[in-house]
Amino acid sequence: MSGTVITITSGKGGVGKTTVTANVGTALAMLGHSVVVIDADIGLRNLDLVMGLENRIVYDIVDVVEGRCRLRQALVRDKHLPELHLLPAAQTRDKTAISPRQMAEVCDALRPHFDYILVDSPAGIEQGFQNAIAGADRVIVVTTPEVSAVHDADRIIGLLEAAERGPIHLVLNRIKPDMVRRGDMLTVDDVLHILAVELIGIIPEDEQIIVTTNRGTPIALNPNSPTGRAFQEIARRVRGENVPITPLRDRGLLERLFGFMRSS
Amino acid sequence: MEFLRRLLGREPSSRDVAKERLQLVLIYDRTGLSPGVLETLREEIVAVLSRHIDIDRDGIDLSVTQEGRQTKLIANIPLRSRRP
């Protein structure tokens with residue numbers, strides 16, 4: 001068995017890299033795959049918190065690289081899914097604590113034992129990003145339909161092409177169908193036309209992301225949530241299934257009316 | 001209000017504005033081609049061509065388009081027909 005290494009990156013911070021990593025990792029494990037998610041954001045570790053695993057960390061990736069523990073010992077098993085594991089970042093070090101070559105070695109050491117190795121990249125284009133893509137077989141670029149996020153995504157795609165990292169797939173996050181309908185938000189097609197990379201999923205803006213992140217239980221675990229299902233669809237596309245993109249539903253007039261009544 | 005203004009055709013949607021601004025800034029990011037350089041190019045192309053052939057200077061269209069992740073510079077230069 002040789003696992004696939006997929007790096008999740010974006011350029012801009014705050015567009016949902018960590019949320020996408022946690023949820024796609026969760027959804028892949030729900031499909032029965034063995035998965036490890038790596039937090040490559042050394043010094044600003046959060047993937048553990050989003051997944052609700054912060055109390056289980058004993059060692060981190062810097063401990064592995066510096067020989068204080070074996071790789072197996074640093075892996076944290078998920079609360080919900082036995083096939084899902086986390087390799088945490090160190091919180092008290094910085095991006096220079098590991099090199100791109102060491103990151104690639106960690107990925108290679110994990111390949112024989114897992115189907116998918118997802119690497120959550122830090123924001124930016126500096127060493128943290130270079131570390132995160134060092135072992136990647138594929139890259140998922142996350143963006144939102146805002147000018148600054150799309151601008152940075154284009155820069156990242158240019159850097160990935162120059163480094164010959166790919167294939168590159170796009171997740172468009174935080175779409176607001178109401179705003180798209182009013183002509184006040186870039187559409188999926190607008191972003192695809194501008195960035196010209198293949199789309200692997202669209203995620204609506206959803207308050208429940210904040211609620212599930214508060215609880216440390218990724219929304220992908222909830223099959224009744226449209227957002228959870230959107231992540232499950234991404235996981236199926238990641239493993240090669242041909243799943244058509246489900247268009248995001250704008251709230252109908254009645255729903256908007258009821259929504260208004262409920263909120264007032 | 002904004003909806004009404006738009007309906008009356010006085011203001012493009014913020015989506016269209018965002019798209020156009022992004023496309024322009026990305027042309028520069030990807031190629032280094034600024035509006036100033038584009039203008040210089042136009043003048044020099046006109047100068048070179050005029051030495052050899054009679055061109056319609058007012059009809060010249062020099063534009064940048066995107067095809068996938070490839071950026072293209074397209075020059076459309078109408079020629080004046082020779083008088084018989």
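Let me begin by describing the structure that accompanies this report. A quick note: this is a predicted structure, and the numbers were derived from the prediction, not measured.

Once that is clear, we can look at the overall build of chain A. From N to C terminus, chain A includes 12 helices and 8 strands. For 264 residues, the compact-globule estimate of 2.2 N^0.38 gives 18 Å, and the C-alpha radius of gyration of chain A, at 18 Å, lies within 12% of that figure. Referenced to the eigenvectors of the C-alpha coordinate spread, the extents of chain A come out at roughly 60 × 40 × 35 Å. Contacts spanning at least 24 positions in sequence make up 77% of the contacts within chain A whose residues lie at least 6 apart.

Moving on: the pairing of strand E2 (residues 35-39) of chain A. Note on strand geometry: in a regular strand, side chains alternate between the two faces of the sheet. Residue and element names in this part refer to chain A. E2 sits mainly inside the fold: 5 of its 5 residues count as buried. Residues Val35, Val37 and Asp39 of E2 are buried on one face, and the alternating residues Val36 and Ile38, pointing to the opposite face, are buried as well. Sheet topology places E2 next to strand E5 (residues 116-120); 5 bridges connect them, and they run parallel. By the bridge assignment for E5, Asp39 is matched with Asp120.

Turning our eyes to something else, we now look at helix H5 (residues 100-110) of chain A. Residues spaced three or four apart along an α-helix face the same direction, because each turn holds 3.6 residues. Residue and element names in this part refer to chain A. Residues of H5 that are buried: Met103, Val106, Cys107 and Leu110. Seen end-on, H5 carries its buried residues on one side only, within an arc spanning 100°. The elements touched by buried residues of H5 are strand E1 (4-9), E2, helix H3 (61-65), helix H4 (71-74), E5 and helix H6 (127-133).

Strand pairs in the sheet, formed through backbone hydrogen bonds, run parallel or antiparallel to each other. Residues and elements named next belong to chain A. Spatially, 8 strands are ordered E3-E4-E2-E5-E1-E6-E7-E8 in an open sheet, and the strand pairing comes out mixed. The open sheet has two edge strands, strand E3 (76-77) and strand E8 (198-204), and neither has a second partner. Running over the sheet, helix H7 (residues 147-162) touches E1, strand E6 (138-143) and strand E7 (168-175) and is turned about 165° from E6.

Between H7(A) and helix H2 (residues 14-31) of chain B, the least distance of the axes is 10 Å, while the angle of their chain directions is 30°. Considering the angle they form, H7(A) stands roughly parallel to H2(B). Crossing hand, H7(A) versus H2(B): right-handed. Facing H7(A), whose interface residues are Val147(A), Val150(A), His151(A), Asp154(A), Arg155(A) and Gly158(A), H2(B) presents Ala18(B), Arg21(B), Leu22(B), Val25(B), Leu26(B), Asp29(B) and Arg30(B). Looking at side-chain class alone, the contact of H7(A) with H2(B) contains 6 nonpolar, 2 polar and 5 charged residues.

On to unusual backbone geometry, then. Residues and elements named next belong to chain A. Cis geometry is found at the peptide bond from Gly166 to Pro167, where omega equals 5°. Within the element layout of this structure, Pro167 appears in the loop between H7 and E7. In this structure, Arg174 takes a positive phi of about 65° despite not being glycine. Of note, Arg174 is situated in strand E7. Arg174 gets classed as buried once you count the C-beta atoms within 10 Å, which come to 20. A positive phi angle, near 55°, is found at Ala196, a position not held by glycine. The residue Ala196 is located in the loop between helix H9 (188-195) and E8 in this model. Assessed through the 15 C-beta atoms surrounding it within 10 Å, Ala196 is described here as partly exposed.

Reading the values: rules and limits
- Residues numbered from 1 in each chain as written.
- Chains lettered and ligands numbered in written order.
- Predicted model: local features only at pLDDT ≥ 70, side-chain atom pairs only at ≥ 80, totals over all residues.
- Helix = DSSP H or I, 4+ residues; strand = E, 2+ residues; numbered from the N terminus.
- Rg over C-alpha atoms; globule rule 2.2 N^0.38 Å.
- Contact = placed C-beta atoms within 7 Å.
- Buried ≥ 20, exposed ≤ 12 C-beta atoms within 10 Å, placed from the backbone.
- Pairing = 2+ DSSP bridges.
- Arc of directions from axis to C-beta.
- Axes fitted to C-alpha atoms, helices over the stretch in contact; angles between N-to-C directions.
- Parallel < 35°, antiparallel > 145°, perpendicular 65-115°, else oblique.
- Left-handed = near helix turned anticlockwise from the far one by under 90°.
- Nonpolar A, V, L, I, M, F, W, Y, C, P; charged D, E, K, R; others polar.

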